[in-house]
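Descriptive structure summary
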Amino acid sequence: GLPPPPAEWPASGGAAMPLVRHAEAFDPFDGPTPGAAASSSSAPGPFAAAASAAAAPPAAQVVADLEHMPRADLVLVFPCKPSLMVRGSGDNQRGEEAPGLRPPTDSERHLMEAWQVRRQATVASLSDTGLILMPFFSRGRDKVFVKAAADEQLLRQAAEANGHRLELRPQYLSAFAAYKSDYAGRREWNYSDRRVSSHLYKVHNDDDDEDGEEKDPERDALRCSPPPPPSIFRTSDRIRLIDHVVRSNDHDCAGVDVGQLIHDGELFDYFPLHENKKLMNLDQDWFKAFAWGASIDKVRNYFGERVAMYFLFASHLNHWLIPAALLGLVFIVLDLILSWGSADNVTALPLCAGVCAWASTFGHFWRRSAAMHALRWGTLGHRRSAEPTRPEFFGVSRVNPVTGRIDRHYPWNERIWKVLFSYAVLSVSLLVLLIALSVLFALRHVFAKSGGRLSFQVINAVVVDIMNGVLGSIARRLTDLENHRAQSEYAYHLLAKTVVFKFVNCYASLYYIAFFKEHSELFGMPMACAGDDCLADLASQLAVFLVVRLALQNFVELGVPYLLVWYRNAADGHSMHSAAFLKTSAAAPLDLSKAERESAREEHDLCEDMDEVLLLYGYTTLFAVAFPWV
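Residues numbered from 1 in each chain as written. Predicted model: local features only at pLDDT ≥ 70, side-chain atom pairs only at ≥ 80, totals over all residues. Heavy atoms only, no water.

1. Here's the deal with the overall build of the protein chain
The criterion, for reference: Runs of H or I in DSSP of at least four residues are treated as helices and runs of E of at least two as strands, each being numbered from the N terminus. Two residues qualify as a contact provided that any one of their heavy atoms is within 4.5 Å of a heavy atom in the partner residue. All accessibility values rest on the Shrake-Rupley procedure with a 1.4 Å probe; residue burial counts only the protein chains present in the view.
Helices and strands together make up the secondary structure of the protein chain, namely 18 helices and 10 strands. Taking all contacts inside the protein chain whose residues are at least 6 apart in sequence as the whole, residues at least 24 apart take part in 70%. Just so you have it, the protein chain exposes about 32,800 Å², and 62% of that area is on carbon and sulfur atoms.

2. Topic: the packing of aromatic side chains
What counts, and what does not: Each Phe, Tyr or Trp ring, with Trp reduced to its six-membered ring, pairs with another whose centre is within 6.5 Å; inter-plane angles below 30 degrees give stacked pairs, above 60 give edge-to-face pairs, and intermediate values give tilted ones. Any Lys NZ or Arg CZ found within 6 Å of a ring centre and within 35 degrees of that ring's normal is scored as a charge over the ring.
Here the structure, examined in full by the defined rule, presents 23 aromatic pairs. Seen in terms of ring centroids, Phe313 and Phe362 are 6.1 Å apart; in terms of plane orientation they differ by 70°. Their pairing is edge-to-face. On the criterion of sequence distance, the pair formed by Phe313 in helix α11 (residues 305–338) and Phe362 in helix α12 (residues 348–376) is long-range, its members being 49 residues apart. Relative to Phe362, the ring of Trp358 has its centre 5.4 Å away and its plane inclined at 15°; by these criteria the two rings are stacked. Residue Trp358 and its partner Phe362 are located together in helix α12, separated by four residues, close to a single helical turn. Among the aromatic residues, those joined into a ring-pair cluster are Phe503, Tyr507, Tyr511, Phe515, Phe516, Phe545, Tyr619 and Phe623. When the ring centre of Trp189 is taken as origin, the NZ or CZ atom of Arg186, which lies over that ring, is 3.8 Å away. Lys497 extends its terminal NZ or CZ atom over the ring of Tyr423, reaching a point 5.9 Å from the ring centre.

3. What to know about the nonpolar core
Worth spelling out the cut-off: Only buried residues count toward a nonpolar core, which is a set of Ala, Val, Leu, Ile, Met, Phe, Trp, Tyr and Cys residues joined through side-chain atoms within 4.5 Å. We call a residue buried when its accessible area falls under 20% of the maximum for its residue type, exposed when it is over 50%, and partly exposed in between, using a 1.4 Å probe and counting protein chains only.
With 34 residues, the main nonpolar core has Leu126, Leu131 and Val246 as its most contacted residues. Elements with a minimum of two residues in this core: β1 (72–79), α3 (106–128), β2 (132–137), β3 (143–149), α4 (152–162), α6 (235–247) and α7 (258–263). A per-element tally of this core places α6 first, with five residues. Counting 21 residues, the second-largest nonpolar core is a separate cluster that includes Ala442, Ala461, Val464 and Val544.

4. Details of unusual backbone geometry
Even without being a glycine, Ser174 presents a positive backbone phi close to 55°. By the element assignment, Ser174 lies in the loop between β4 (165–167) and β5 (176–178). Positive phi values are uncommon outside glycine, yet Asn483 reaches one of about 60°. In this structure, Asn483 sits in the loop between α14 (453–482) and α15 (487–516). Exposure remark for Asn483: the relative accessible area of 1% places this residue in the buried category.

5. Brief notes about the confidence of the model for the protein chain
Low pLDDT means the predicted coordinates in that region are not meant to be read closely. The following threshold applies: Confidence of the predictor at the level of single residues is captured by pLDDT, which takes values from 0 to 100.
Looking at the protein chain, the pLDDT average stands at 78 and 79% of residues meet or exceed 70. Between residues 59–64, whose pLDDT stays under 50, and residues either more than four places distant or in other chains, the model counts six contacts. Considering only residues more than four positions removed or in separate chains, one finds that residues 576–590, a stretch of pLDDT under 50, has 26 contacts.

6. Concerning the pattern of salt bridges
Where charged atoms from two side chains of opposite charge approach closely, those side chains can pair. Rules: Just to be clear on terms, a salt bridge is a Lys or Arg side-chain nitrogen sitting within 4 Å of an Asp or Glu carboxyl oxygen.
Inspection of every chain in the model, using the stated rule, returns 28 salt bridges. The shortest N-O distance in the salt bridge between Arg247 and Asp243 comes to 2.7 Å. With Arg247 and Asp243 both in helix α6, this residue pair falls four residues apart, about one helical turn. The class of Asp243 is partly exposed, set by a relative accessible area of 24%. A salt bridge links Asp537 to Lys517; the nearest nitrogen and oxygen atoms lie 2.9 Å apart. In this pair, Asp537 sits in helix α16 (residues 534–578) while Lys517 sits in the loop between α15 and β9 (520–522), placing the two residues 20 residues apart along the sequence.

7. Concerning the pairing of β3
In plain terms, the rule: Whether two strands pair depends on DSSP finding at least two bridges between them.
Counting buried positions over the seven residues of β3 gives six, a clear majority of the element. Of the pairings in the sheet, the one linking β1 to β3 comprises seven bridges and is antiparallel in character. Paired with Phe78 across the strands is Val144, a residue of β3. Pairing between β2 and β3: six bridges, direction antiparallel. Among the inter-strand pairings, Leu133 is bridged to a residue of β3, identified as Ala148.

The following block contains the structure:
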């Protein structure tokens, strides 16, 4: 329901194409053309496409429509031309001149035509479901971004059809129940079959009124909208329901196989959009939300239960590390008092007993906390549902006997050889790692007489951290080679390999010092602990491990992302600067839309964080007797 566009559509900066509620053979390149018919019978609402440019609604109708436009939650990124320097359909429309762009070759033209056909079919399927689509070009016109939004009516229909569970009001114990819409009943039955259930569900106040949304000059000039009304759907609920409408083969769903499109190169990306105001709120409240767990419900409402459960475990560990730290401090003081001038470790035995009791109660209370929050969040007792196929999964196309859709199949008799190869590489890598650590300890023994013991402890810690990164890359490559279909299978096998690699890499040196170094030989050289006290030697190496690990880990996790962003911005700015002489919309404006910025971000991997937490837990429990301050 928008008026005709200007003669030239801006290429980026969030400049959106016309809103599409129902499209027949729609293509973003073509834009709105006078006399192009579009049906409005598929879904009622204020966003039915205009029948023609001449029949555009008045400005008051446009303003009313824009004021009620829901937030865009999902983005699909389609390719439209193989290179920035190739002239595409979008560069030839609306009177633009592109003297520096070369015409496409025959193969590139056939590829762009195939992309266009698939894009038209996908957008038509999405618009037929009632989704509100907002397509626009990328800055270089090599991609088409399509933002998908759903109004409250469509979300309620999808929730009822899918049996989506929503939280009830506090007076109903905040339980969870499948959504049921209201039914007025039949008059001939005197409305005895009337059903009213909308008052049962908890209402979430969302005052995030388009903060962080990309700037649309046309819409911003017309729109002066109030904050969106309260809704029974949280952010994660909206994303899940729209994703169900996009992916599912159910009635009134698009049935788009996102994984297959990405695998075939016909879709670049598919991701949810952030809500900047809620992100700022989480950032301001980061300690309570992510480190302490007092505001863990904010994480759950925004990111979903899976991410919230991980940060709940991290905050639970932080809570329990405080009494462990106090216990270690007490034993350090007692050890200084009772063992002064003596080689006996008087406090070692009670400290070991205390650590064992701490570890046992930690696991017990974590299971209680996890079960309690799963009950509060409505996920307790949920069964595993069928997962979509990973885009990276390859195999032979066939009809899936479970879903009835054309899916890729990879037989187990072919995967078993790759699994065996992965474990063979895993064994050889661990053997090479142990040999490298043995050589490092031998060199440490050679240079220990010249006062280089501390230097080699630092070198050992740095080598361990570097090898963690190398072994993590090997584990990921091996898991990719195994070609797992579902994301949960892939994450499970990746975490298993990573933990085995890093367990041996991080703990081998400490176990060697604790149990094998004293009165042993290495490459024919007699080995001995520092001062003939292996516990003190182990304590110093553990201290160096923790200090170096904290420094390197903080640099990698905090500094490297900034360096990557700086490098990408510099490279992107250089490529756009080199194309600026073309005087086309491919080179201006230089600012990226919000959707383009988020599509360039790396996807956060919880597995990497989880193995770091497990290593920290191992340092805390396995070697605390050597140095209780850990």
